[in-house]
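This is what each chain is made of:
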Amino acid sequence: MSPASTGASTVVGASASASAPVASVADSRVAPGGPGYRRMSFALFLAGVATFALLYSTQALLPLISDEYGVAASEASWTVAAATGGLALFVLPMSALSERFGRRTVMTASLAVAVTVGLLVPFAPSLTTLVVLRAVQGAALAGLPASATAYLAEEVTPKALVTAIGLFVAGNSVGGMSGRVITGWVAQEWGWRVAVGVIGVIAVGCAVAFRLLLPAPKNFTPGSLRPRVLARTVRDHLSNPLLCRLYAIGALFMTVFGGVYTVIGYRLTEAPFGLPQGIIGSIFLVYLVGTVSASTAGRLVGRLGRRGALYAAGGTTATGLVLSLADFLPLVLLGLVLITAGFFAGHAVASSAVSKTATRGRAQASALYQSAYYVGSSAGSTVGAVAFHAGGWAGTVGVGLLAVAGVVTITVFGTRAARVAARRGPVAVAVR
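Model, not experiment: these values are computed from the prediction.

## Focus: the overall build of the protein
Here comes step 1: When helices and strands are counted, the protein shows 20 helices and 2 strands.
Here comes step 2: A total of 432 residues make up the protein; the buried ones form 58% of that total.
Here comes step 3: Excluding contacts between residues fewer than 6 apart, the proportion of contacts in the protein whose partners are at least 24 apart in sequence is 85%.
Here comes step 4: By element, 68% of the accessible surface of the protein is carried by carbon and sulfur atoms, the whole surface being about 16,200 Å².

## Structural notes on the side chain of Thr 411
Here comes step 1: Tracing the backbone through its elements, the reader meets Thr 411 in helix 20 (residues 393-424).
Here comes step 2: The contact partners of Thr 411, leaving out residues within four places of it in the chain, are Ile 249, Arg 307, Leu 310 and Tyr 311.

## A word on empty space enclosed by the protein
Here comes step 1: Considering all chains together, one arrives at 4 cavities of 30 Å³ or more under this definition.
Here comes step 2: Considering the residues around the second largest cavity, the lining is formed by 13 residues, among which Pro 145, Phe 168, Asn 172, His 347 and Gln 370 are closest to the centre.
Here comes step 3: Those elements that provide at least two residues to the lining of the second largest cavity are helix 4 (37-55), helix 10 (145-155), helix 11 (161-190), helix 18 (329-357) and helix 19 (362-391).
Here comes step 4: Among the elements that line the lining of the second largest cavity, the one with the most residues is helix 11, at 4 residues.
Here comes step 5: Considered class by class, the residues forming the lining of the second largest cavity number 7 nonpolar, 6 polar and no charged.

## Topic: the packing of helix 14 (residues 241-269) against helix 17 (residues 297-323)
Here comes step 1: One way to put it is that helix 14 packs onto helix 17 with a least axis distance of 12 Å and a crossing angle of 20°. Accordingly, the angle class assigned to the pair helix 14 and helix 17 is roughly parallel. Once helix 14 is placed against helix 17, the crossing between them reads as left-handed. Residues Leu 242, Leu 246, Ile 249, Phe 253, Val 256 and Val 260 of helix 14 form the contact with helix 17, whose participating residues are Arg 306, Leu 310, Ala 313, Gly 314, Thr 317 and Leu 321.

## Some words on the packing of aromatic side chains
Here comes step 1: Per the counting criterion, the structure on display carries 11 aromatic pairs.
Here comes step 2: On the basis of an interplanar angle of 15° and a centroid distance of 6.3 Å, the ring pair of Phe 42 and Phe 45 is categorised as stacked. Of this pair, Phe 42 and Phe 45 both sit in helix 4, 3 residues apart, which is roughly one turn of the helix.
Here comes step 3: Given the relative accessible area of 21%, Phe 45 is considered partly exposed.

## Comments concerning the nonpolar core
Within soluble globular proteins, side chains that are nonpolar generally end up buried alongside one another.
Here comes step 1: One finds Leu 44, Ile 65, Leu 152, Tyr 261 and Tyr 374 to be the most contacted residues of the largest nonpolar core, which totals 128 residues.
Here comes step 2: Broken down by element, the residue count for this core peaks at 16 residues, all from helix 14.
Here comes step 3: Look past the residues within four positions of Ile 65 in its chain and what remains in contact with it is Thr 58, Val 71, Ala 76, Thr 79, Leu 127, Leu 130 and Trp 192.

## Quick word on the pattern of salt bridges
Here comes step 1: Per the counting criterion, the structure on display carries 3 salt bridges.
Here comes step 2: Note that Asp 327 is salt-bridged to Arg 267, the shortest N-O span being 3.1 Å. Here the residue Asp 327 occupies a position in the loop between helix 17 and helix 18, and Arg 267 occupies one in helix 14, the gap between them amounting to 60 residues.
Here comes step 3: What makes Asp 327 exposed here is its relative accessible area of 57%.
Here comes step 4: Its relative accessible area of 6% is what places Arg 267 among the buried residues.

## Comments concerning the environment of Tyr 369
Here comes step 1: Looking at the element boundaries, Tyr 369 is found in helix 19.
Here comes step 2: In this structure the C-alpha to C-alpha distance between Tyr 369 and Leu 243, which are 126 residues apart in sequence, comes to 8.2 Å.

## Describing helix 19
Here comes step 1: In this model, helix 19 (30 residues) spans 42 Å end to end at C-alpha, consistent with the 44 Å of a helix rising 1.5 Å per residue.
Here comes step 2: Counting buried positions along helix 19 gives 21 out of 30 residues, so the element sits mostly inside the fold.
Here comes step 3: A positive phi of about 75° marks Gly 392, the residue just after helix 19.

## As for the side chain of Glu 155
Here comes step 1: Mapped onto the elements of the fold, Glu 155 is located in helix 10.
Here comes step 2: It turns out Glu 155 is buried and unbridged, and the closest side chain with the opposite charge, Lys 218, is 6.8 Å from it.
Here comes step 3: Looking at Glu 155, its side chain comes within polar contact range of the main-chain nitrogen of Lys 218, at 3.1 Å.
Here comes step 4: Ignoring any residue separated from it by four or fewer positions in sequence, one finds Glu 155 in contact with Arg 29, Val 30, Met 40, Pro 217, Lys 218, Asn 219 and Phe 220.

## Some words on a nonpolar patch on the surface
Here comes step 1: Taken together, Leu 119, Val 201, Val 204, Val 208 and Leu 212 make up a surface patch of nonpolar side chains, about 440 Å² in accessible area.
Here comes step 2: With 4 residues, helix 12 (residues 192-213) is the largest single contributor of residues to the nonpolar patch.
Here comes step 3: Looking at the element boundaries, Val 208 is found in helix 12.
Here comes step 4: Residue Val 208 is classed as partly exposed on the basis of its relative accessible area, which comes to 47%.

## Some words on the environment of Ala 114
Here comes step 1: Along the chain, Ala 114 turns up in helix 8 (residues 103-120).
Here comes step 2: Taking C-alpha positions, Ala 114 is 10.0 Å from Gly 143, a pair spaced 29 residues apart along the chain.

## Some details on a positive patch on the surface
Here comes step 1: Together, Arg 416, Arg 419, Arg 423 and Arg 424 line one region of the surface with positive charge.
Here comes step 2: Along the chain, Arg 419 falls in helix 20.
Here comes step 3: For Arg 419, a relative accessible area of 43% gives the class partly exposed.

## Structural notes on the confidence of the model for the protein
Here comes step 1: When the pLDDT values of the protein are averaged, the result is 83; 90% of them are 70 or greater.
Here comes step 2: Long-range and interchain partners of residues 1-26, a stretch whose pLDDT sits below 50, account for 51 contacts in this model, where long-range means more than four residues apart.
Here comes step 3: Segment residues 427-432 is flagged for pLDDT under 50; beyond a separation of four residues in sequence, or across chains, it makes 31 contacts in the model.

Rules used in this analysis
Residues numbered from 1 in each chain as written. Predicted model: local features only at pLDDT ≥ 70, side-chain atom pairs only at ≥ 80, totals over all residues. Heavy atoms only, no water. Helix = DSSP H or I, 4+ residues; strand = E, 2+ residues; numbered from the N terminus. Buried < 20%, exposed > 50% of the residue type's maximum accessible area, 1.4 Å probe, protein only. Contact = heavy atoms within 4.5 Å. Areas by Shrake-Rupley, 256 points an atom, 1.4 Å probe, with all protein chains shown as cover. 1 Å grid on protein atoms, 1.4 Å probe; cavity = no way out; pocket = protein on both sides within 12 Å on 5 of 7 lines; lining within 4 Å. Points joined across faces, edges and corners; volume = space filled by probe spheres on them. Nonpolar A, V, L, I, M, F, W, Y, C, P; charged D, E, K, R; others polar. Axes fitted to C-alpha atoms, helices over the stretch in contact; angles between N-to-C directions. Parallel < 35°, antiparallel > 145°, perpendicular 65-115°, else oblique. Left-handed = near helix turned anticlockwise from the far one by under 90°. Phe/Tyr/Trp six-rings, centres within 6.5 Å; stacked < 30°, edge-to-face > 60°. Core = buried A, V, L, I, M, F, W, Y, C linked by side-chain atoms within 4.5 Å. Salt bridge = Lys/Arg side-chain N within 4 Å of Asp/Glu carboxyl O. Expected span 1.5 Å × (residues − 1). Lys, Arg positive; Asp, Glu negative; His and termini not counted. Polar contact = N/O pair within 3.5 Å; in protein donor to acceptor, adjacent residues only side chain to side chain. Patch = residues over 30% accessible without salt bridge, like charges linked within 9 Å, V, L, I, M, F, W, Y side chains within 5 Å. Charge placed at Lys NZ, Arg CZ, Asp CG, Glu CD. pLDDT = per-residue confidence, 0-100.

Encoded structure:
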């Protein structure tokens, strides 16, 4: 497929030769149905469950946290923003460690620290302590996302990459959903502290199963921890226009998602809805839609191309935002379904494209994407809460629509850039 049809281009040069020998890597990569593929997929699915369950464990509980500490939504939202901000800040250093010590080692250590902190969170005596613990937890979880996508890029066949990463993202959606549903009902009976403690125990189980199931890597080659090497790799990635567009798209999609799900609990507790905490937690069952849309993102790209899939994801998200403005609960729920489906599809498409585009330093390329992605989450949580305080739900929706407009604008720009590259000749090749 030509660059014009995908809206993406990259230069193939010396960096490609820095990769492992193509034939030997291809021979050892796992394809769907092959030995170890199901174990690998399920292990990373569980890692995704633990990551999102821990990362957003306080999000559905913000109204209760506000009540206990006597703070506004914008202050309580820092329990979410601190975790995602910590992850965004540490994902690049953690990816460098994974290049040196191995993806599986770093992912295991990250989960171990994160679940340990998760068991301490329920005992936070003040909001400040809670925010600090959440920041540490987010920093620990930084070892998961970039290392997981790099691991898959090295261990599965290229044709299966979008589907494999989609399953990891689907684990994120299941973790986010189950964490919020469980905390909602548990908190209604026993309070938010017991609720986040339960999530910590569940995450411990996921972490243990992950380590037991994940196959040892076959195609990993240790890299260097030298700062100059890392800086050069990061610079090369940031000078790639396609990667920069993908980073921006991931950040903007997550701005929508972070804002909506940080504030939705406050909206549903107020008139005209007045829902109890348990019912509000159950609203997050719409994450199941994200599980489906993320795991089928590969087929969507196959039908529409990457650019078409991003347009579809953006349009679906925008439609959901508009529907959620209604003061009629079924329409609000339908809006959340569409927002969730669009977000997870767009995220799976963009994140898999990053892994396929980077021919070397894949962990750093994925880390930069994850950093941008969680900066978007922190920004969405904070700005969405401030907008809600200033203008109600319409303010939060306005922030989301601006972010979607940014996704569409970047995708259009990428399409034009690809057409220019196509007219210049075969120097640039499509990255699908």
